[in-house]
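# Structural overview
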Amino acid sequence: SAPIAPPVVELGRLAGWHPLPLSVRDARRAAGPLRSLLVGRTPHLRSVLATRPSSRIVPTNVSIEEIPALVAAGAAGFGVGERILGGARGADAIAAKLRAALLAAGGTPIDA
């Protein structure tokens, strides 16, 4: 049977970190250079997934415009943050931004 490791350890293995992170806090501290590699770099995402096809990568701090290319490159999803919400205030404005992100990913909003 294959050894089981927490997601932060798997992330560390994918990124080639030594020592491997043992907590989310450790992974966040080490993630700066990795984040800069992934932002806007769908070929890098494809190459990581080519060597580890069972991996599920969810880029964060992405814009709505980046979502289609990331999904096409194999991203399992995307994190929702300021670059997607863009200062939206109130439930209706936030819902509209989330709907746009879902459409950019090729999904269908529930209320459609």
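Residues numbered from 1 in each chain as written. Predicted model: local features only at pLDDT ≥ 70, side-chain atom pairs only at ≥ 80, totals over all residues. Heavy atoms only, no water.

## Comments concerning the environment of Val9
Inspection of the secondary structure puts Val9 in helix α1 (residues 7–15). Along the primary structure Val9 and Ala27 are separated by 18 residues, whereas in three dimensions their C-alpha atoms are 8.4 Å apart. The residues contacting Val9, other than those within four sequence positions of it, are Leu20, Pro21 and Leu22. (Helix = DSSP H or I, 4+ residues; strand = E, 2+ residues; numbered from the N terminus. Contact = heavy atoms within 4.5 Å.)

## Digging into the side chain of Glu66
Among the structural elements, Glu66 can be located in the loop between α4 (42–51) and α5 (67–72). Judged by relative accessible area, which is 18%, Glu66 ranks as buried. A polar contact is formed between the side chain of Glu66 and the backbone nitrogen of Ser63, at a distance of 2.7 Å. (Buried < 20%, exposed > 50% of the residue type's maximum accessible area, 1.4 Å probe, protein only. Polar contact = N/O pair within 3.5 Å; in protein donor to acceptor, adjacent residues only side chain to side chain.)

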